[in-house]
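These are the residues of each chain, in order.
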Amino acid sequence: MGGPVVIVGASLAGLRAAQAVRVAGHEGDLVIVGAEEHLPYTRPPLSKELLRGDQEAADCALPGADAVPGADWRLGTPAARLDRGAREVVLADGTTIAYNRVILATGCRARTWQGPGAGLDGVFTLRDLGDALALRTALQAGGRLVVVGAGFVGCEVAATAAHRGVHVTVVDVAPHPMLPLGPELGGLMADLHRAHGIDLRLGTGVRALRGPGQVTAVELDDGTSLEADAVLVATGAVPNVEWLADSGLTIDRGVVADATLTSVDDPDVLVAGDLACWPSALAGGAVVRVEHWTNAVEQGRLAGRNALVDDPAQRTPLTSVPTFWSDQHDRKVQAVGLPGAADEITIAEATPDGERLVAIGARDGRLVAAIAFNATKRLGWYRRHLAAGTPPAQVLAEAAADPAALGAAEAPTVAGT
Amino acid sequence: MKVHVDMNLCQSHGECVFAAPDVFDLGDDDVLVWKEDVDESQRAEVEQAVQVCPMAAIRIEG
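All figures in this text were calculated on a predicted structure; none of them were measured in a lab.

1. Thoughts on the environment of Arg 59 of chain B
Then step 1. With respect to the secondary-structure elements, Arg 59 of chain B resides in strand 4 (residues 58-61).
Then step 2. For the pair Arg 59 of chain B and Phe 18 of chain B, spaced 41 residues apart in the sequence, the C-alpha separation amounts to 17 Å.

The structure is reproduced here in C-alpha cells:
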C-alpha cells in the first residue's frame, strides 16, 4: 500500500493514526486535515489545569505532533465532503485531496443550547482551546456560574470553578451526577460536590436562559430562577458526521465500522475516536461509540496500522478495554470497560471512610466495567479480570478474600469470635 | 535505552502499567515506580506507554 493516506481530523486520534502509519512503514504521502488552526493538542486540561490557570495553551501541545515524518498538515479548513467515487476528500475551500486509504477522525463537538435564550452573551460550551480560554476569562470576574449538565465536563468545570471562588450551581434532569456510574456512586459524587459548596439541582431541566444581551438568569423546569453571570452548557457531544452526509457511508450517530475499524461499506475507509461506532466484544458484540481520551489513542493507533493492510480480512480487530478518568476536587474517578452498559453496579471493596473504593458493573451476568475512586493500583486487578472475562460473582468473591483489597486490613476477622 | 518519567506531571493514571507491565508499576500508595534502564527488546511496549500516557510524562532516551 504505497498510495496516499489521508487522515481527516487533527486531534488525538488523528495524530496517533498518523504516527502509526509511519511506524508501520508507509513512505508515501500522508495528509492530515484539521478544522482548527492548531496542531493536535490534549483536551483533558481544558476543564482543569488550563481553566484553573495552572497551564497555558502551549502546555496542552501533544508531544510528537510536530515530528511526524513527512506529514502534510492542512490546518484551519474543515473537510466538507468525502467523494468515494473519485477517492477524494473535498475541503470547505474546494481543495481536493486524493486518497488511497482515508481515516475518519473528525470527533465530536459540544451540543449547544437550542432553547429560549440561545445566543445570549455569557453562555459557553467547552470543547476546544478557544472555548476554554473564553470561559476562563469569564470566570476571572468570580460571580455566579450555572452549569447545565452534570456529566464529565460539567462536573469537572464545576469543581474547578468552585476552587477558584466562583459560586457554582449545577443543573441536570438526571437524579445524580455522572449518569453512567449508577445511583450509588453517582450519589457519592453528589455528596462530594455539595461538600465543596456546589449547589446541585437534580431531577430538573432548564426551561430558558434569560437576560437582555448578557445572560442573567437560568429558569428551571420546576419554576426556580437561578441568577447567573455565566452559563456553561455541558449537555454532551455530537459527532461531526454532517460532512459525510452524501458519502453513502452507514451513519448511526457515528460512522459504523467493523471490529477492525474498517467502514462496513468501504474497505478503504477507516474510523477512529469519538465518531467511530464498532461492535465491542465487551458489550457482547453490540455496536458502541466511546468519547474518551484513551479510546482515541488506541483506535488511532489501530486504524493507522490497519489502513496499510490491503486485505481487510488480514486487519487486526480492536481488543483493548476502554478506560477513562475524571478529576473532581480531590477525587480521581477512573473506569475500565463500559460502565454505561452495566445494568448493575456493586461496590466490591472500599476503605472504611469511603474515600477510596472499587465497584464492578455487570450486564446479563457478565463483567462489563470496573470503577475506582482514588484506587488506580486496585483497578488494575479488575482490569485484568475484565480482559479475562471472569464472571462478576467470582470477582466479588476473590476481592472479598484478597488481603490486598481496600479495607481488608481493617475488616473484622472471623477467627476467635 | 533509558526511560524518564516527569513526576511533576505524572498523575498515576496507570496506563503505562498496562502498556509495559515489566517496566512500570504502581506502589500501594498509587505512586509510579519504573525501571530506568530498559532492554531494547521492550522498546515497542515503552513506546506504547509514551503514547497512552494522558499527561505525556514519559520520555525515552536513546
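Structure shown, so let's carry the discussion forward.
2. Points about the interface of chain A and chain B
Then step 1. With 15 residues of chain A at the contact, the number on the chain B side is 13 residues.
Then step 2. Among the elements that take part in the side of chain A that touches chain B, helix 7 (residues 376-388) of chain A stands out by supplying five residues, more than any other.
Then step 3. Here the side of chain A that touches chain B is built from residues that sort into seven nonpolar, four polar and four charged.

3. Some details on the domain arrangement of chain A
All names here are of chain A.
Then step 1. Domain boundaries in chain A define domain 1 (5-109 + 238-314), domain 2 (123-235) and domain 3 (330-401).
Then step 2. The distance between the C-alpha centroids of domain 2 and domain 3 comes to 28 Å.
Then step 3. Between domain 2 and domain 3, the residue contacts involve six residues of the former and eight residues of the latter.

4. A short note on the sheet that holds strand 22 (residues 287-288) of chain A
Residues and elements named next belong to chain A.
Then step 1. As summarised here, the arrangement of the four strands in space is 18-19-21-22, forming an open sheet in which the pairing is mixed. Looking along the sheet, the strands with just one partner apiece sit at the ends: strand 18 (251-252) and strand 22.
Then step 2. Both strand 19 (residues 254-256) and strand 21 (residues 276-279) contribute to a ladder of two bridges, which runs parallel. Within strand 21, the residue paired with Val 255 across the bridge is Ala 276.

5. Section: unusual backbone geometry
Then step 1. For Arg 253 of chain A, which is not glycine, the phi torsion reads 65° and is therefore positive.
Then step 2. Secondary-structure assignment places Arg 253 of chain A in the loop between strand 18 and strand 19.
Then step 3. In this structure, Ala 56 of chain B takes a positive phi of about 50° despite not being glycine.
Then step 4. Of note, Ala 56 of chain B is situated in the loop between helix 2 (43-52) and strand 4.
Then step 5. On the neighbour-count criterion, Ala 56 of chain B (17 C-beta atoms within 10 Å) is partly exposed.

6. Some details on the pairing of strand 27 (residues 366-373) of chain A
The side chains of a regular strand alternate between both faces of the sheet.
All names here are of chain A.
Then step 1. Taken across its eight residues, strand 27 has seven buried, putting it largely inside the fold.
Then step 2. Relative to strand 27, strand 24 (residues 331-337) runs antiparallel, the two sharing five bridges. Bridge assignment links Gly 337 to a residue of strand 27, and that residue is Ala 369.
Then step 3. Here strand 26 (residues 357-363) runs beside strand 27; their pairing, made up of seven bridges, is antiparallel. Residue pairing across strands places Val 358 opposite Ala 372, the latter belonging to strand 27.
Then step 4. In sequence, strand 26 turns back onto strand 27 through a hairpin of two residues, with Asp 364 there showing a positive phi of about 50°.

7. Here's the deal with helix 8 (residues 392-401) of chain A
All names here are of chain A.
Then step 1. Within the sequence span of helix 8, burial applies to Pro 392, Val 395 and Ala 399. Projected down its long axis, helix 8 carries its buried residues within an arc of 60°, all on one side. With respect to the buried face of helix 8, the exposed residues turned more than 90 degrees away are Ala 393, Gln 394, Ala 397, Ala 400 and Ala 401.
Then step 2. The inward-facing, buried residues of helix 8 contact strand 25 (344-350), strand 26, strand 27 and helix 7.

8. A look at the sheet that holds strand 11 (residues 167-172) of chain A
Residue and element names in this part refer to chain A.
Then step 1. The parallel open sheet is built from five strands, whose spatial order is 9-16-10-11-12. Looking at which strands have only one partner, the edges of the open sheet turn out to be strand 9 (123-124) and strand 12 (199-202).
Then step 2. For strand 10 (residues 144-148) and strand 16 (residues 230-233), the ladder comprises four bridges, and the chain directions are parallel. By the bridge assignment, Val 147 is partnered in strand 16 with Leu 232.
Then step 3. Relative to strand 11, helix 4 (residues 152-163) is tilted by about 165°, and along the sheet it contacts strand 10, strand 11 and strand 16.

9. Focus on the packing of helix 1 (residues 12-23) of chain A against helix 6 (residues 293-307) of chain A
Residues and elements named next belong to chain A.
Then step 1. Closest axis-to-axis distance for the helix 1/helix 6 pair is 7 Å, and the angle between their directions is 35°. Pair helix 1 / helix 6 crosses with right-handed handedness. When helix 1 is examined against helix 6, the residues Leu 12, Ala 13, Gly 14, Leu 15, Arg 16, Ala 17, Ala 18, Gln 19, Ala 20 and Val 21 are found in contact with a partner set consisting of Trp 293, Ala 296, Val 297, Gln 299, Gly 300, Arg 301, Ala 303, Gly 304, Arg 305 and Ala 307.
Then step 2. When its residues are assigned to classes, the contact of helix 1 with helix 6 shows twelve nonpolar, five polar and three charged.

Criteria and cut-off values
- Residues numbered from 1 in each chain as written.
- Chains lettered and ligands numbered in written order.
- Predicted model: local features only at pLDDT ≥ 70, side-chain atom pairs only at ≥ 80, totals over all residues.
- Helix = DSSP H or I, 4+ residues; strand = E, 2+ residues; numbered from the N terminus.
- Contact = placed C-beta atoms within 7 Å.
- Nonpolar A, V, L, I, M, F, W, Y, C, P; charged D, E, K, R; others polar.
- Domains from an automatic or database assignment.
- Pairing = 2+ DSSP bridges.
- Buried ≥ 20, exposed ≤ 12 C-beta atoms within 10 Å, placed from the backbone.
- Arc of directions from axis to C-beta.
- Axes fitted to C-alpha atoms, helices over the stretch in contact; angles between N-to-C directions.
- Left-handed = near helix turned anticlockwise from the far one by under 90°.

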